[in-house]
Amino acid sequence: MRLLIVGDGKMGRAVAALAATRGHEATIIGREENAQGRGLTAERVRGYDVAVEFTRPEAAPANIAGLIEAGIPVVTGTTGWDAELPRITALVEERQGALLHAANFSVGVHLFLRAARALAGEFVGREGFEGFILEEHHAAKRDAPSGTARALQQRLRDADPSRPYPITSVRAGAIPGTHTVSLDGPFETVTLQHTARSRDGFAAGALAAAEWLPGHTGVYTFDAMLFGDRR
Ligand SMILES: NC(=O)c1ccc[n+]([C@@H]2O[C@H](COP(=O)([O-])OP(=O)(O)OC[C@H]3O[C@@H](n4cnc5c(N)ncnc54)[C@H](OP(=O)(O)O)[C@@H]3O)[C@@H](O)[C@H]2O)c1
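Structure report, in brief. Keep in mind it's a predicted model, so treat the numbers as computed, not measured.

### Focus: a positive patch on the surface
Residues Lys-10, Arg-31, Arg-56, Arg-142 and Arg-199 make up a contiguous surface patch of positive charge. Assignment of secondary structure puts Arg-199 in the loop between β9 (189–195) and α7 (200–212). Take Arg-199: its relative accessible area is 32%, and that puts it in the partly exposed class.

Here's what the structure looks like:
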């Protein structure tokens, strides 16, 4: 495949490195070449099978819109632009384009979310246990709590509305990402944890999405791709 990677940062480079090992041809477009998303013209993106976008919240909507208008399927992992999703969804539908978005491209995290929901369900009606979430990330991560922690909290509350599952965020060092759910009682603690060891898990998931998306139309989440339920 010919892959266009938008964003010359940590994730863009990780996806490009992995793509090369899988026999794909990857080209990275950085911010200098793409101020305000203006570098993503139909002419510039011609010949690519799919684009993978990892930039910044303020840049992602313009990048995605430009790529959709140019007729190229888009996988994006940029977080923090959820408010723009309805407008982008309408554009994708109008152009009969393809978009797959996810705040977390780790397969293990999506399995962890399902397991956490089942765990919370088991504690429904069990008095004396308090539930809480701890999320830990590297010091440079801008948003807190993480999008994954918010998704985790939502699933836990859906399974057990009686427990609020408050979130505590830690920003320190170089931690790629750790999410923990605990239920603590007077004599014992039950803990479920997901630990990312590196960015490569996110890059592998984004690349799997890029291999899957061409040939589809509409808006998909990674969850929908993994488990078959369209959102
Ligand atoms: N979905 C997931 O699994 C996952 C995993 C990790 C991270 N993320 C998210 O992915 C995003 C990127 O993360 P990262 O760690 O790669 O951040 P990063 O290292 O800061 O890289 C972002 C890059 O995007 C560039 N950029 C900004 N505007 C651009 C534009 N209009 N066109 C092209 N490039 C542009 C930035 O350039 P400048 O520095 O010059 O502005 C920077 O090089 C963040 O939102 C992060 O939260 C998602």
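### Notes on the pairing of strand β5 (residues 98–101)
One face of the sheet, then the other: side chains in a regular strand alternate in exactly this way. By the alternation rule, side chains of β5 split into Ala-98 and Leu-100 and Leu-99 and His-101, which are all buried. One crossover worth recording links strand β4 (residues 74–76) to the parallel β5 by way of helix α4 (residues 85–95), and it is right-handed. Relative to strand β10 (residues 218–221), β5 is paired through four bridges, and the arrangement is parallel. Bridge assignment links Ala-98 to a residue of β10, and that residue is Gly-218.

### A few points about a nonpolar patch on the surface
On the surface, Val-107, Leu-111 and Leu-226 cluster together into a nonpolar patch covering about 220 Å² of accessible area. Looking at where Leu-226 falls in the secondary structure, it is placed in helix α8 (residues 222–227). Assessed through its relative accessible area of 30%, Leu-226 is described here as partly exposed.

### Considering helix α1 (residues 10–21)
An ideal rise of 1.5 Å per residue puts 16 Å on 12 residues; α1 measures up with 17 Å between its terminal C-alpha atoms. Just downstream of α1, Gly-23 is the residue with a positive phi angle, here 80°.

### Overview of the pattern of salt bridges
Taken as a whole and judged by the stated rule, the model has 11 salt bridges. Residue Arg-2 pairs with Glu-25 through a salt bridge whose shortest N-O separation is 3.4 Å. One end of the pair, Arg-2, is in strand β1 (residues 2–6); the other, Glu-25, is in strand β2 (residues 25–29), and 23 residues separate them in sequence. On the basis of relative accessibility, which here comes to 30%, the residue Arg-2 falls in the partly exposed class. With its nearest N and O atoms 2.8 Å apart, the salt bridge here joins Glu-135 to Arg-171. Of the two residues, Glu-135 is situated in strand β6 (residues 130–137) and Arg-171 in strand β7 (residues 167–171); the sequence distance between them amounts to 36 residues. Relative accessible area serves as the criterion here: at 24%, Arg-171 is assigned to the partly exposed category. Residues joined by salt bridges that share partners form a network here, namely Arg-114, Arg-155 and Asp-223.

About the thresholds
Residues numbered from 1 in each chain as written. Predicted model: local features only at pLDDT ≥ 70, side-chain atom pairs only at ≥ 80, totals over all residues. Heavy atoms only, no water. Patch = residues over 30% accessible without salt bridge, like charges linked within 9 Å, V, L, I, M, F, W, Y side chains within 5 Å. Areas by Shrake-Rupley, 256 points an atom, 1.4 Å probe, with all protein chains shown as cover. Salt bridge = Lys/Arg side-chain N within 4 Å of Asp/Glu carboxyl O. Lys, Arg positive; Asp, Glu negative; His and termini not counted. Charge placed at Lys NZ, Arg CZ, Asp CG, Glu CD. Helix = DSSP H or I, 4+ residues; strand = E, 2+ residues; numbered from the N terminus. Buried < 20%, exposed > 50% of the residue type's maximum accessible area, 1.4 Å probe, protein only. Right-handed = clockwise from strand over helix to strand, strands pointing away. Pairing = 2+ DSSP bridges. Expected span 1.5 Å × (residues − 1).

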